[in-house]
Amino acid sequence: MQAGVIGLGRMGGNITRRLMQDGHQCVVYDRDPGAVSDLVEDGAAGAKDLVDLVRQLRAPRAIWIMLPAGAPTDDTVTALSETLERGDTVIDGGNTFYRDDIRRAKALKGSGLAYVDVGTSGGVWGLERGYCMMVGGDKEAVERIDPILKTLAPGAGQIPPTHRPEGSDPRAELGYIHAGPVGAGHFVKMVHNGIEYGLVQAYAEGFDILRNKDSEALAEDERFDLNLPDIAEVWRRGSVISSWLLDLTAPALAGGPKLGGFTGAVADSGEGRWTIEAALEEAVPVDVLAAALFARFRSRETHTFGEKLLSAMRFGFGGHVEQVAKR
């Protein structure tokens, strides 16, 4: 299948490469000409601007946008709407707020353009592991881009399937689902990221307790100088709390148990806040998720070892570099 890709950063570039590895033809554009050149060397067709990208694609077109949420994506969707033709599909694979999806889809519908939102999880490892995707949009539009989604998904792998009720989406076993109408994909991904906040916070706090077991405030015979890399490694193997996050934690600790390369100032990219807002609207108690979000706010004032580990995990799965908020 032919696809356009706009935004060739850490994930956009690897999404393009994974598509091309499976035989899809990609036309790519980014504001950075160097990013375009890199993908052209890998086999993509480069575009000098959005109009040129649309021109190189055959109708009906499918264009995947992988840009920061908000104005960058809004401006791109608006520009594309002035160039695309009836029957074309705009796909937003970034971390967009789901209500923005609903608004955009309504705006495009009058021009006969389809809009699909894809909550995309996989971070910088997606090229190798594949991307878990939660998709929102009309059934016809989602089915038309299914070849793209199937290529990007991890596939069944070695994970045994769960016996699910009749009528369940069979694609879930491959790592992607049609979650519902426009906005549903990003809503599910938003909650996914809110849960992620709680999971990484739990690991961070637990390892902080382990690290401080040799504190002088404790009785001398109760002080333990624990080997955190060894603990992370053993927990990866058969423990109840084993996970991919722990797989990323282990090499971070092995590289230096004090995590000297991290300050512990932990950013939040929006999805955690949106998840808490949704919980407030639905009157759902989310004690752990809220506390995890507030812990990130506090981490920008003072830093604990646990927050350094939290930063290390975020860098491990998403390549997120610490950014201290300006005041």
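These figures come from a predicted structure and were not determined experimentally. Numbering of residues starts from 1 in every chain and runs along the sequence as written. The predicted origin of the model limits local features to residues at a pLDDT of at least 70 and limits the giving and counting of side-chain atom pairs to 80 or more, whereas totals for whole chains, interfaces and linings rest on all residues. The side-chain figures draw on all heavy atoms in the structure; neither hydrogens nor water molecules are used.

Participant: Is there a simple way to think about helix H4 (residues 71-81) in this case?
Facilitator: For an α-helix, the turn length of 3.6 residues means that residues three or four places apart are oriented alike. Of the residues making up H4, those classed as buried are Thr73, Thr76, Val77 and Leu80. Angularly, the buried residues of H4 cover 100 degrees about the axis, an arc narrow enough to put them on a single face. Here the buried face of H4 lies against strand E1 (2-6), helix H3 (50-56), strand E4 (62-65), strand E5 (89-92) and helix H5 (98-109). Per-residue accessibility, obtained with a 1.4 Å probe over protein chains only, is compared with the maximum for each type, and a residue is labelled buried under 20%, exposed over 50%, and partly exposed between these values. What counts as a helix is a DSSP run of H or I of at least four residues, what counts as a strand is a run of E of at least two, and both are numbered from the N terminus. The arc in question is the one spanned by the directions pointing from the helix axis to the C-beta atoms. Residue contacts are counted whenever heavy atoms from the two residues lie within 4.5 Å of one another.

Participant: Can you walk me through unusual backbone geometry in this structure?
Facilitator: For residues besides glycine, phi is generally negative; the peptide bonds are generally trans as well. Residue Pro60 is bonded to the preceding Ala59 through a cis peptide linkage, with omega at -5 degrees. Within the fold, Pro60 resides in the loop between H3 and E4. The phi dihedral of Leu259 falls on the positive side, at around 55 degrees, and the residue is not glycine. Within the fold, Leu259 resides in the loop between helix H11 (244-254) and helix H12 (271-282).

Participant: Where do I start with the sheet that holds E4 in this structure?
Facilitator: Paired through backbone hydrogen bonds, the strands of a sheet run either parallel or antiparallel to each other. Pairing within the open sheet is mixed, and its eight strands lie in the order E3-E2-E1-E4-E5-E6-E7-E8. Every interior strand has two partners, whereas the edge strands, strand E3 (45-46) and strand E8 (176-180), have only one. DSSP calls a pair of strands paired once it identifies at least 2 bridges connecting them. Across four bridges, the pairing between strand E7 (residues 132-136) and E8 is parallel. Opposite Gly136, over in E8, you have Gly180 as the bridge partner.

Participant: Explanation requested: the side chain of Glu307 in the structure shown.
Facilitator: One can find Glu307 in helix H14 (residues 305-318). Glu307 gets classed as buried once you look at its relative accessible area, which sits at 4%. Residues in contact with Glu307, not counting those within four places in the same chain, are Gly264, Val266, Ala295, Arg298, Ser299 and Thr302.

Participant: Looking at this structure, how should I read the pattern of salt bridges?
Facilitator: Pairing between side chains of opposite charge can happen when the charged atoms of each approach one another. Take a side-chain nitrogen of Lys or Arg and a carboxyl oxygen of Asp or Glu: if they are within 4 Å of each other, that pair is a salt bridge. Counting across every chain of the model gives 19 salt bridges. With a shortest N-O distance of 3.0 Å, Arg99 and Glu281 are connected by a salt bridge. Taken together, the residues Arg99 in helix H5 and Glu281 in helix H12 connect sequence positions 182 residues apart. The closest approach of N and O atoms between Arg164 and Glu173, which form a salt bridge, is 3.6 Å. For Arg164, a relative accessible area of 28% puts it in the partly exposed group.

Participant: Would you mind going over the pairing of strand E2 (residues 25-29) with me for this structure?
Facilitator: Side-chain direction in a regular strand flips from residue to residue, so the side chains alternate between the two faces of the sheet. When you tally the buried positions in E2, you get four out of five residues, the bulk of the element. Judged from the five bridges that link them, E1 and E2 form a sheet pairing that is parallel. Bridging from a neighbouring strand, Val5 pairs with Val28 of E2. Throughout, right-handed denotes a crossover for which the path from the first strand over the helix to the second runs clockwise when the strands point away from the viewer. The handedness of the E1 to E2 crossover, carried by helix H1 (residues 10-21), is right-handed. Judged from the two bridges that link them, E2 and E3 form a sheet pairing that is parallel.

Participant: Which parts of the structure should I look at to understand the pairing of E5?
Facilitator: In E5, alternate side chains face the same way, and those of Thr89 and Ile91 on one face and Val90 and Asp92 on the other are all buried. Two elements, E4 and E5, share four bridges in a ladder whose sense is parallel. Each bridged residue has a counterpart across the sheet, and for Ile65 the counterpart in E5 is Asp92. Since E4 and E5 lie parallel, the crossover through H4 that links them has a hand, and here it is right-handed. Where E5 and strand E6 (residues 114-121) come together, four bridges link them in parallel fashion.

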